[in-house]
Amino acid sequence: MCTAATYKTNDFYFGRTLDYESSYGEEIVIMPRNFPLNFVNMGRIATHYAVIGTAHVAQDYPLFYDAANEKGLAMAGLNFVGNAFYRDDIDGRDNVAQFEFIPWILCQCANVTEARTLIEKINITKTQFRIIADKNDCIVVESVKESINVYNDPVGVLTNNPPFDMQMFRLNDFRGLSPKQPENTFSDKLDLTSYSRGMGAMGLPGDLSSQSRFVRAAFVKMNSRSSPDEQSSVSQFFHILNSVDQQRGCCEVAESKYEITIYTSCCNTDKGIYYYTTYNGHQISAVDMHKEDLDSAKLIAYPMITNEIINFQN
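All of the points below concern the structure found in this document.

Parameters and conventions
Residues numbered from 1 in each chain as written. Predicted model: local features only at pLDDT ≥ 70, side-chain atom pairs only at ≥ 80, totals over all residues. Heavy atoms only, no water. Salt bridge = Lys/Arg side-chain N within 4 Å of Asp/Glu carboxyl O. Helix = DSSP H or I, 4+ residues; strand = E, 2+ residues; numbered from the N terminus. Phe/Tyr/Trp six-rings, centres within 6.5 Å; stacked < 30°, edge-to-face > 60°. Buried < 20%, exposed > 50% of the residue type's maximum accessible area, 1.4 Å probe, protein only. Pairing = 2+ DSSP bridges. Expected span 1.5 Å × (residues − 1). Contact = heavy atoms within 4.5 Å. Core = buried A, V, L, I, M, F, W, Y, C linked by side-chain atoms within 4.5 Å. Polar contact = N/O pair within 3.5 Å; in protein donor to acceptor, adjacent residues only side chain to side chain.

## Examining the pattern of salt bridges
Okay, so step 1: Counted under the stated rule, the structure contains eight salt bridges.
Okay, so step 2: Asp295 is paired through a salt bridge with Arg33; the nearest N and O atoms lie 2.8 Å apart. Taken together, the residues Asp295 in the loop between β19 (281–288) and β20 (300–303) and Arg33 in the loop between β3 (27–31) and β4 (37–39) connect sequence positions 262 residues apart.
Okay, so step 3: Taken together, the salt bridges that share partners define one network made up of Arg33, Glu70 and Asp295.

## Some thoughts on the packing of aromatic side chains
Okay, so step 1: Scanning the entire structure with this criterion turns up five aromatic pairs.
Okay, so step 2: Relative to Phe99, the ring of Tyr61 has its centre 5.9 Å away and its plane inclined at 80°; by these criteria the two rings are edge-to-face. One end of the pair, Tyr61, is in strand β7 (residues 61–69); the other, Phe99, is in the loop between β9 (94–97) and α1 (101–106), with 38 residues separating them in the sequence.
Okay, so step 3: Using a relative accessible area of 13% as the deciding quantity, one classes Tyr61 as buried.
Okay, so step 4: Pairing Phe164 with Phe214 gives two aromatic rings, centres 6.1 Å apart and planes at 90°, and the pair type is edge-to-face. Residue Phe164 is located in helix α3 (residues 164–170), and its partner Phe214 is located in helix α4 (residues 210–222); the two are separated by 50 residues in the primary sequence.
Okay, so step 5: Residue classification places Phe164 among the buried positions, given a relative accessible area of 1%.
Okay, so step 6: On the basis of relative accessible area, Phe214 is assigned to the buried category, the value being 0%.

## Some points on the sheet that holds strand β17 (residues 260–268)
Okay, so step 1: Overall, antiparallel pairing links the six strands, which are arranged β14-β1-β2-β17-β18-β19 in an open sheet. Strands with a single pairing partner mark the edges of an open sheet, and in this sheet they are β14 (157–158) and β19.
Okay, so step 2: Bridge analysis of β17 against strand β18 (residues 273–278) gives six bridges, and the strand direction is antiparallel. By the bridge assignment, Tyr263 is partnered in β18 with Thr278.

## Looking at α4
Okay, so step 1: The first and last C-alpha atoms of α4 sit 18 Å apart over 13 residues, in line with the 18 Å expected at 1.5 Å per residue.
Okay, so step 2: Of all 13 residues in α4, eleven are buried; the element is thus mostly enclosed.
Okay, so step 3: Buried residues belonging to α4 abut β1 (2–8), β2 (12–20), β14, α3 and α5 (230–242).

## Regarding the nonpolar core
Okay, so step 1: Counting 49 residues, the largest nonpolar core has Ile52 and Ile131 as the members making the most contacts within it.
Okay, so step 2: Beyond its immediate stretch of four places on either side in the chain, Ile131 contacts Ala4, Phe14, Ala74, Met75, Ala76, Leu78, Cys138, Ile139, Asp153, Val157 and Leu158.
Okay, so step 3: Ranked by size, the runner-up nonpolar core spans 31 residues in total, among them Phe64, Cys109, Ile139 and Val141.

## Structural notes on the side chain of Arg16
Okay, so step 1: As for its placement among the helices and strands, Arg16 is situated in strand β2.
Okay, so step 2: Relative accessible area serves as the criterion here: at 1%, Arg16 is assigned to the buried category.
Okay, so step 3: Polar contacts involving the side chain of Arg16 include one to the main-chain carbonyl oxygen of Tyr65, which spans 2.9 Å.

## Some details on unusual backbone geometry
Across residues other than glycine, the phi torsion is negative in most instances, and most of the peptide bonds are trans.
Okay, so step 1: Cis peptide bonds are those with omega within 30 degrees of zero, and the linkage from Asn161 to Pro162 qualifies with 0°.
Okay, so step 2: Residue position: Pro162 is located in the loop between β14 and α3.

Structure below.
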């Protein structure tokens, strides 16, 4: 299971956690403008926007988990188990396979408005669950049995299940949460006191279910404050997603197999810098797409740093 989030200070930041029990050899991948994209049903796009993100490269094709293009549009794919509906090809629609959805949108669209236009014509085959955002807008795309639904996402956060409209409605149950200390509204006949800091957030879910992670990440993101400089913004973004970090041993998915936060990403979509940490590598690493030849025709890939780097001070 996973969590995606957005954050805006001077620049716009987009990222996610990948929570799973095993890795598939993910890398930080830059897809330059002239890397040829051959789509299963939609032909070939030879020239397009450059893209950076995390992907598993299979047969020289980037299977992006999350990514951003050079124009500042970003996307992430999250599992939508039990709700996603897989369709066959439909005549008259743009039939795009789920593994092609991120490159299909990011190679052609500069913003969410342009993405909406493409999505109006699309039939996603074997799809998952997607969040698409730029600095001005954020939407969620769900392919369910009835249709492909597109929701405005005013929170800028997404987890897996339930469907997004139900996730948003659940926030009503927590409208009384606050970063401030609470007033005693229980009864004016009882002298109830705040015996600890942080009691305004009492009732905030702490479990690892996707709905609870959505509520927790939304509360943390919507109340986050940081200086607007790059270092402070990036640091704060990781703190937002660290609020839903998954530790080995707490979520058993099979005998002796546990879901963990394999990596956490944060992309400055304005500067094209992709930051990340891994489960055993807490130091923030970064890849700057604009330090590479973006007019190349070959993928550029950097293996993720997965070992812990400890800074001894004596």
